[in-house]
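Notes for the structure review
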Amino acid sequence: MPEYLRYFPYETPYPHQREAMEQIYGALADETDILFEGATGTGKTLASLVPALEYGRKTGKTVVITTNVHQQMRQFRRDASAIAKTEDIRAVVFRGKASMCHIDVGYEECQALRETTRDLVETEQELAELERGQRDLLAESQAGSERATEARGAVMDELAAVEDDLAAFESQATCDHYYRNLVGDTTDFFAWLYDDVRTPDEIYDYAHEQGFCGYELLKEGMEGVDLVVCNYHHLLDPMIREQFFRWLGRDPEDVIAIFDEAHNIESAARDHARRTLTENTLQSAVNELTGVDDPRADHASNVIETFLSALQTAYDDALAFGERERVDEHWHDLAIDNDDRRDELTLAFLQSYSGPGFETELTQAIELGRELDTQYEQAYKNGSASVRKECQTLQAATFIESWLDESAAMGTYPVVSVRRPQDKTAHEEESPEAVSEQDSTDDNDGSDSQQTLQVTQIPETGTNEASPSGDLYGRAELYTCIPEEVTRSLFDDLHASVLMSATIRPFDVTEDVLGLSDPETMAYGAQFPEERRRTYAVDGPALFASKRSEYEVQETITQTLTDVIRMTPGNTLVFFPSYTEAQRYHERVPVGTAYLDQPGTPAHELRETFTADDDGVLYTSLWGTLGEGVSYDGDDARTVVVVGVPYPHLDERMEAVQDAYNAVFGSEKERREAATNPHKDDAGWRYAVEIPTIRKTRQALGRVVRSPDDFGVRVLLDARYTERSQIELPEYSVRSAFPPEERSEMVDIDPEKVKFGLLNFYGDMDAYDGTPPTP
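Let us look at the structure shown here. Bear in mind that the values here come from a model prediction, so they are computed numbers and not experimental data. (Residues numbered from 1 in each chain as written. Predicted model: local features only at pLDDT ≥ 70, side-chain atom pairs only at ≥ 80, totals over all residues. Heavy atoms only, no water.)

**Structural notes on the overall build of the protein**
Regarding its fold elements, the protein presents 30 helices and 18 strands. For the protein, whose C-alpha radius of gyration is 31 Å, the value lies close to the compact-globule estimate of 28 Å for 775 residues. Seen through its principal axes, the protein has C-alpha atoms that stretch 105 × 70 × 50 Å. Across the 775 residues of the protein, 55% fall into the buried class. When contacts within the protein are restricted to residue pairs at least 6 apart in sequence, those whose partners lie at least 24 apart make up 81%. When the accessible area of the protein is evaluated, it comes to approximately 33700 Å², of which 45% is carbon and sulfur surface. Treating the 71 positive side-chain charges of the protein as one cloud and the 150 negative ones as another, the clouds have centres 7 Å apart. (Helix = DSSP H or I, 4+ residues; strand = E, 2+ residues; numbered from the N terminus. Rg over C-alpha atoms; globule rule 2.2 N^0.38 Å. Buried < 20%, exposed > 50% of the residue type's maximum accessible area, 1.4 Å probe, protein only. Contact = heavy atoms within 4.5 Å. Areas by Shrake-Rupley, 256 points an atom, 1.4 Å probe, with all protein chains shown as cover. Lys, Arg positive; Asp, Glu negative; His and termini not counted. Charge placed at Lys NZ, Arg CZ, Asp CG, Glu CD.)

Structure (C-alpha cells):
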C-alpha cells in the first residue's frame, strides 16, 4: 500500500482517487504542475491533498491549498481536521488581518504599532537587564570592590538614559494585544492551535479572551507547518506572496500549491494585476504638496496637476452627448485607447505638460513622496499623529510613472472611468487610495528642519468635493488583459502546483493563459450512476440579446419554465445571462414560491431561505455568486435550468482581452482552432468569451446531483446547445465546447415535450409524493 494513503482519513478511496493520487505523487516528484478536472463527487480535494502531504513530509515542504470560495475553505478545514485525527500534522487556516484585528486599524498603522511596541518591550528588557546589573555591582561594591563601584556608576548613567527612553513611550501609540504576545506566555495558545485545525474565528476568540493578538500569533505559528489553507490573494498578489512565504519560513521552491476552483485563477489574477488612481487621490496629492517646504514640491505638484487636468480632459472629451446624465454611482468605463497612437489620457498629458521634463519631475515626486511617507510613519509611531497617514504624492507619482511607461504595452488596456458621488464623502469611501483622516497633531514645528520636511495642514478639499470639471469624477486604470504576466512567475517559482476544478478543460487554453510549462493533465467525468441524472438541451428559441424582448420568445421561455417547475418534485434553480433577465421571468412565471437574487443580496441568507422550501424557484444570474462553489445537496434543489447562452457583457475591456489573446495565441493556434471548431477561428473569442461562458454554464449544471444517491435534471434552454444547431447554426452553436462525455448525455427535446421528459424521469425515481402532477 502506498505510504501516502496514511493521510486518507476515511475507510478507502475510490479507484479513480487511487489512480489520481499515484499520478499526482509522481508529478510532484518530477516537479511538474498538474491540471486536474474532476466532476462533482470525484474527491478532487483528498486526491490532491493526500499525496502532496506525504511528499511534503518526506522532502520538507509545506502544502498550501487555496481557493476563492469561502464554502470551500470551510470544507478544506474539515478535511484537514479529519486527517489530523489520524495523522500528526500541523495545519492552519489563514485569513487576512482586516477580519482578525482586535483594534480595527489599517495595515500601515498596524505595522507602525508593532514596531513601536517591539521597541517598547526591548527597552523594558534592556532596563530590567541594567537593573539586575546595577544590583549585582552594588552588592560587590558594598563588599569593598572599587572596580564594581566605578562600573556601577557607568551603569547608573546608562540606566538613567534608558529610563528617559522608556518615559518617551508614554506619548507613543502601541498595541496592548501585541505587547502581551511579546511578554506573555503563549505556550498554551500554540498547544491549543496545533491540537486541531482551528478556524480564524476560533483563533480570534481564543486570543481575545487571553488579551493576545491572534493574527500575529497565527503568523508566528505558520512557520514550518505541514498545511496552510488560505485565499487566492495570498499567492496571486506578489507583495502579499512575498510576506506569506516569509511567515511560512519557506522559499517558493519549498511550497506545493493546490488551487481549487482553478478555472477562476485567470480572472482573479487579472483583478490582482489591475492598478487604479482616482481623481480625488490626485487632488489630495496636490493639496499635500501645497504645505511642503521643499524645492521638489513645485516640480512634483506640476507633473501631478498636469495629469489631473489631463484626466479631466480625457473623460470630458470621451463622454458622448447625453452620456454624462446617465452616469450613476457605479464606475462607468470610457474608451480612450487608440489603435494608431497613444491613448487619449496620455496625449492630453503630453500636450499640456510644460516643465523641465516629466521624467525628471516624476523622479523628484517619488523621492519626495517616500520621504513624506517616512515622516508620516514616524509621526504616528512617536504619538504626534493619531492615525498613520498615507502619502498621496507617492501613490500618485508612482502610478503616473507606470501609466506613461506601460499604457501602450502589449496586454495592457488603459481605461478611464467616471462615477457620480452620492454624498459628501463618496470620493473617500469608494477608493482604496482614499486619504486617511488627518489629525491636527500632524503639523511640524520646524524645530528639526534639517532632518524633517516642514508640512502645513491644508484642507482636504479633494476628498469631499465633486470634480472641478463638473459633477462627476474620474479614475485612470491600467487593466491587465493577459494573466500570464502575473501567474507565470508564480508557477515557475513554486516546487509544483495542482490546479483542480470541475471545469478546467480545455487544458491547452488553461496552460496558455496561465503560462504553465508542459503540465500533466487528468480528467474524470461524473462518477455517479448515469440513470440518476438527465440533461436536456431544449430546442427552443436561440436567445440572442436582440431577440429577448420579443413576445413569442418570452412566451416560449415562460411556458417552458412553468412546465419544468411544475414537474419538479422540489426546488428549482434557474440561471440567466443577467439579473435583468432573472427579474423578467421572476415576474412572468406563475408557479412555485419565487426567490429573486439581486446584486447586493446576501447570498448565504438567500440560499438558506430557498433550500428550506420544498417548491421554491430561485431566479439568479449565472455571473452572480450562486452559480459555483455553492452546494445544493439532495432536496436543496432537484432541477437546474440555464436559460440562454450567458455570454458576459461584451464591453471595451472584453474586446481588449480578446484582441490581446488573439495577438498572442491566434497565429500559433490557427490549425488547432480549425480542427476543433472550423466556424470560430478567432482565438481571442474562444479564450476570452466562449470558454469562460461554457465553464460558467457547466458549473451551474453541477449544482445538482452531488452524491451517489442524489438525482436530478439539468436543462439547457436554448437552441444553440442542441445537436441540430451544429448543422443549422454552426457559427453560433456552443455544443462542441462541452467535453465529449457531457455532450453524449445531452438529450435534444422540443419545448412542449420537456414536461413529459421530467415527468417520466422523476416518476422512475419515485420522487413524487403521492399522485404525479398532470402534464
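**So, the nonpolar core**
The tendency in soluble globular proteins is for nonpolar side chains to be buried as a group. By size, the foremost hydrophobic cluster in this structure holds 86 residues, and its most contacted members are Phe94, Val228, Phe244, Leu248, Phe259, Ile265 and Leu499. The leading source of residues in this core is helix 27 (residues 683–701), at eight residues. With residues up to four places along the chain from it excluded, the contact list for Val228 reads Thr62, Val63, Val64, Ile65, Val92, Phe94, Met222, Phe244 and Leu248. Within the second largest apolar cluster, 44 residues are counted, among which are Leu308, Ala310, Ile336 and Ala476. (Core = buried A, V, L, I, M, F, W, Y, C linked by side-chain atoms within 4.5 Å.)

**A word on the packing of aromatic side chains**
Throughout the structure, instances matching the rule amount to 36 aromatic pairs. Ring centres of Phe307 and Trp403 lie 6.3 Å apart, and the angle between their planes is 75 degrees; this geometry places the pair in the edge-to-face category. With a gap of 96 residues between them, Phe307 in helix 14 (residues 296–318) and Trp403 in helix 18 (residues 392–406) connect regions that are remote in the sequence. As far as burial versus exposure is concerned, Phe307 and Trp403 are alike and both buried. One aromatic cluster is present, formed by Phe307, Phe349, Tyr353, Phe358, Phe399 and Trp403 through successive ring pairs. Sitting over the face of the ring of Trp331, Arg475 holds its NZ or CZ atom 4.4 Å from the ring centroid. (Phe/Tyr/Trp six-rings, centres within 6.5 Å; stacked < 30°, edge-to-face > 60°. Lys NZ or Arg CZ within 6 Å of the ring centre and 35° of its normal.)

**Topic: the pairing of strand 16 (residues 639–643)**
When you tally the buried positions in strand 16, you get five out of five residues, the bulk of the element. Of the two faces of strand 16, the one lined by Thr639, Val641 and Val643 and the one lined by Val640 and Val642 are each fully buried. In the sheet, strand 13 (residues 572–576) pairs with strand 16 via four bridges, with the strands oriented parallel. Pairing of Thr572 across the sheet is with Thr639, part of strand 16. Taken together, the five bridges between strand 16 and strand 17 (residues 712–717) define a ladder with parallel strand orientation. Within strand 17, the position partnered with Thr639 by the bridge is Val713. (Pairing = 2+ DSSP bridges.)

**Section: unusual backbone geometry**
With an omega of 0 degrees, the peptide bond between Arg505 and Pro506 qualifies as cis. The phi dihedral of Asp518 falls on the positive side, at around 50 degrees, and the residue is not glycine. With respect to the helices and strands, the residue Asp518 is situated in the loop between helix 22 (507–514) and strand 11 (520–524). Despite not being glycine, Val705 has its phi angle at roughly 60 degrees, a positive value. Mapped onto the fold, Val705 is located in the loop between helix 27 and strand 17.

**Observations concerning a negative patch on the surface**
A cluster of acidic residues, Glu126, Glu129, Asp157, Glu158, Glu163, Asp164 and Asp165, forms a negative patch at the surface. Looking at the negative patch, the elements that each hand over two or more residues are helix 4 (107–142) and helix 5 (146–168). Element by element, the count of residues in the negative patch is highest for helix 5, at five residues. Among the secondary structure elements, Glu163 is positioned in helix 5. (Patch = residues over 30% accessible without salt bridge, like charges linked within 9 Å, V, L, I, M, F, W, Y side chains within 5 Å. Salt bridge = Lys/Arg side-chain N within 4 Å of Asp/Glu carboxyl O.)

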